[in-house]
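Understanding the architecture of this molecule
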Amino acid sequence: MNSLPPFLKDHALLAAWLAFLHWTAYVPLAWSLIRGQAPFKLLGLTLGLPLGLAVGLLSNFQAFFILVVAAQHFTLPTLICLSVTLSGCMLALLCWCVPRWHEPPPTIPISKAYCSATVWLAALAALAALGLFSAQVFATTPNVFVAWDSVVSWNRWATEWSEQTTPIFTMGYPQLLPTGLASLYSWFGSQKVEPVARWFMLVFPLGTCLLFLDGFHRLKNASFLWGMACWLVMLRFAFGDMADSGYADVPASFFVALAAYLLLLGHLRQIPGELAFLGSALCCAGAVLTKQPGGIAWLLWLILAALHAPMRRSLATPWRFLLGCSLVFVTLAVPWYAYTAWKIRQGTDVTNLGYLVSTIHRDRDALERLMQAFQGPVTNALEGFGSPTVTAAVMTALLLLSLHTRLGHILVLAICLPYTLLWAVLFSYDIRNIMPVIPILCLVLGMGASRTLDLVAQFVRRSEPSATDRTALNDGKGWQLALGLKRGMMTSVVLAVSALSALLPLSIRDIEYLHLRLQRQSLNPALNEALLSYANSPGFNGQVVTTYAGMLVIDELKNHVPSFKTNPNPSPALQQALLTEKSWCEIQPLAPHWSNVRYLLLHKPFMQAVVDQGLRDGTLHMELEMDGVRLVKTQCPA
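The rules behind each value
- Each chain has its residues counted from 1, following the order in which its sequence is written.
- Per-residue local features of the predicted model are confined to residues with pLDDT of at least 70, and side-chain atom pairs are confined, for both listing and counting, to 80 or more; whole-chain, interface and lining totals are unaffected and use all residues.
- For the side-chain quantities, the full set of heavy atoms in the structure was used; hydrogens and water were omitted.
- What counts as a helix is a DSSP run of H or I of at least four residues, what counts as a strand is a run of E of at least two, and both are numbered from the N terminus.
- Burial classes: relative accessible area under 20% of the type maximum marks a residue as buried, over 50% as exposed, and values in between as partly exposed (1.4 Å probe, protein chains only).
- Contacts between residues were defined by any pair of non-hydrogen atoms, one from each residue, lying within 4.5 Å.
- As a rule, the C-alpha atoms of each element are fitted with a line to give its axis, helices using only the stretch in contact, and angles between N-to-C directions run from 0 to 180 degrees.
- Reported orientations rely on four angle classes, namely roughly parallel under 35 degrees, roughly antiparallel over 145, roughly perpendicular from 65 to 115, and oblique for the rest.
- Two helices cross in a left-handed way if the nearer one is turned anticlockwise from the farther one by less than a right angle. They cross in a right-handed way if the turn is clockwise.
- To form a nonpolar core, buried Ala, Val, Leu, Ile, Met, Phe, Trp, Tyr and Cys residues must be joined to one another through side-chain atoms within 4.5 Å.
- The nonpolar class holds Ala, Val, Leu, Ile, Met, Phe, Trp, Tyr, Cys and Pro. Asp, Glu, Lys and Arg form the charged class, and all remaining residues, Gly among them, are polar.
- Any two strands are treated as partners once DSSP identifies two or more bridges connecting them.

**Some details on the environment of Gly-266**
Relative to the helices and strands, Gly-266 is located in helix 13 (residues 249–267). Taking the relative accessible area as the measure of exposure, Gly-266 reaches 1% and is therefore buried. For Gly-266, the contacting residues outside a window of four places in its chain are Ile-271, Ala-276 and Met-311.

**Things to note about the packing of helix 5 (residues 45–71) against helix 17 (residues 318–346)**
It is at 11 Å that the axes of helix 5 and helix 17 come closest, and there the two elements cross at 40°. One element, helix 5, and the other, helix 17, form an angle in the oblique class. Judged by the sense of rotation from one axis to the other, the crossing of helix 5 with helix 17 is left-handed. Contacts between helix 5 and helix 17 involve Leu-58, Phe-61, Gln-62, Phe-65 and Val-69 on the former and, on the latter, Leu-332, Pro-335, Trp-336 and Tyr-339.

**Things to note about the nonpolar core**
Formed by 172 residues in total, the largest nonpolar core has its most connected members in Phe-204, Trp-231, Phe-277 and Trp-301. Beyond its immediate sequence surroundings of up to four residues, Phe-277 is in contact with Leu-263, Trp-301, Ala-305, Met-311, Leu-315, Phe-321, Leu-322 and Cys-325. By size, the runner-up hydrophobic cluster in this structure holds 25 residues, among which are Val-152, Leu-518, Ala-530 and Tyr-534.

**Description of the packing of helix 3 (residues 27–34) against helix 5**
Closest axis-to-axis distance for the helix 3/helix 5 pair is 11 Å, and the angle between their directions is 135°. Taken together, the axis directions place helix 3 and helix 5 in an arrangement best described as oblique. Crossing of helix 3 against helix 5: the hand is right-handed. Only Leu-45, Gly-48, Leu-49 and Gly-52 of helix 5 make contact with helix 3, whose side of the interface consists of Val-27, Pro-28 and Trp-31. Of the residues that constitute the contact of helix 3 with helix 5, the class distribution is five nonpolar, two polar and no charged.

**A look at the pairing of strand 2 (residues 597–603)**
Of all seven residues in strand 2, five are buried; the element is thus mostly enclosed. Here strand 1 (residues 543–546) runs beside strand 2; their pairing, made up of four bridges, is parallel. Across the sheet, the residue bridging to Val-545 is Leu-600, located in strand 2. Of the pairings in the sheet, the one linking strand 2 to strand 4 (residues 629–634) comprises five bridges and is antiparallel in character. Within strand 4, the position partnered with Leu-602 by the bridge is Arg-630.

**Looking at unusual backbone geometry**
Note the cis peptide between Thr-141 and Pro-142, where omega equals 0°. Along the chain, Pro-142 turns up in the loop between helix 7 (116–140) and helix 8 (148–162). Omega for the bond connecting Ser-537 with Pro-538 falls within 30 degrees of zero, at 5°, which places this linkage in the cis form. Of note, Pro-538 is situated in the loop between helix 26 (525–536) and strand 1. For Met-171, which is not a glycine, the phi torsion comes out positive at approximately 60°. Examined against the element boundaries, Met-171 turns out to sit in the loop between helix 8 and helix 9 (176–188). Note on Met-171: relative accessible area 12%, which makes it buried.

So, in structure tokens, the structure goes:
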């Protein structure tokens, strides 16, 4: 871990602010200089910030990849310089590709004009959803990462990147999110700042909200406000605490949404085709480097490039430019996957793709997987709304209502439905794998909600909205004024935040103390204290196999768990032994990395028959049981 200047060690908020600027390619800092230049003059603040976030994180990943894999060493100034250089190159490409574009934005509405009352209803719904989402966030923060995959994979990889080592056993997962967290840890000079890292994870759902707001401001269409409300409600009720959990699914959905939105604006001639194609190609690279399902964005890009003749004709040299965009994508995305494939071939990494798309589904055929996906993960997610049946019926009705426009047909039948079926057949072992398509689904639901209110308004008034109402909705003067104030105040805001963060007395040591305290309070505090007490006396005289993430979170306990820097794929013999519920003394020899295991700390439903049999025959001894979690000691014969 790099050493920090003493001033940053004593000013944690300033370190966090500098890390945020690093994530966003320093776009907020430079906004007063770039807001009048291409491409930001066309994008505006609400789209320029998400694009800055995408470019910043993509450049940060490339910088880590170059410095750690090739140079095997870096300092924080070197990381910053290389990342800024790469960001500058990407933004220069975007600036270069934008021609002198004087075409007036045509009015191509997604749906019919709405009376102002409908807009107010959509705005109130968006604000209410934001309030619900914020309430959940504030109720669960500050906190450390506690989700299983976040602890054993995503955040572990981030700590390894920050230690200037290539992560061990990534299982083929891309590393844009871990390198983003690693840059945060480098700015703090410490890995024990997970409460700050969880706050940083919120930039992805909020960045997606900015896309919805930009769509409403730019297209004067309430569907985007309803889409934003659906997005926040989905995160609040259907996907639990996934927004800041440390999983890569919400970040991947942000990149997919940004790529799709740029292509939509290009289709509507709101931005030049060159900017739409190249900007979305950069976002596609970010999506596929965040998580593999983000590849849906690149598939969408290829389809539009091949089949959307009007967008191609808007380019000066269509096929040459599209080939150049493809080369940019390949240059950014392929090296990591080629490097990972080489490591897998060398035997220093593995892939679990076969297990996730085949073995985990056992012997189910495609139809059975489809049924299981909707009866299992989808139903469980919809239970967050109360009744899954009622929620599914409402969503289906809104989807059908959205089909009244050509865009609705495309979004539902060409994107949402195919990806959902692909997810159900291949990746439905977890609902979070459907996340990349959720922002698009939310826009479709928003279109359905707007159509519903439009029909209600027509039924009540028995006529279309008057010309006066249309003008009041579509002139957008109030929104233009608000955005202009933001542009004029951006430099002042950046300077004010920098000054306040430098003056407030909060040291990195204070954050580390909070981190350690939150570790003990995470998940089940009583069980944590019981395990810590057991670790002190009589003490663990071997390693512990566990399904309780608290053992991996708390510093005093994590050393008693077998390392996850080993091949995570179980052998066929081990899989068969677990499936047939053989005794633990028969299972343990099949896993070499469990040779020093002397304890099992398992939730009661997990391997319940194995544990119960061991307790009866004396090969396992109960040490502790609390809240459905059992700690047993193995007593296998030598």
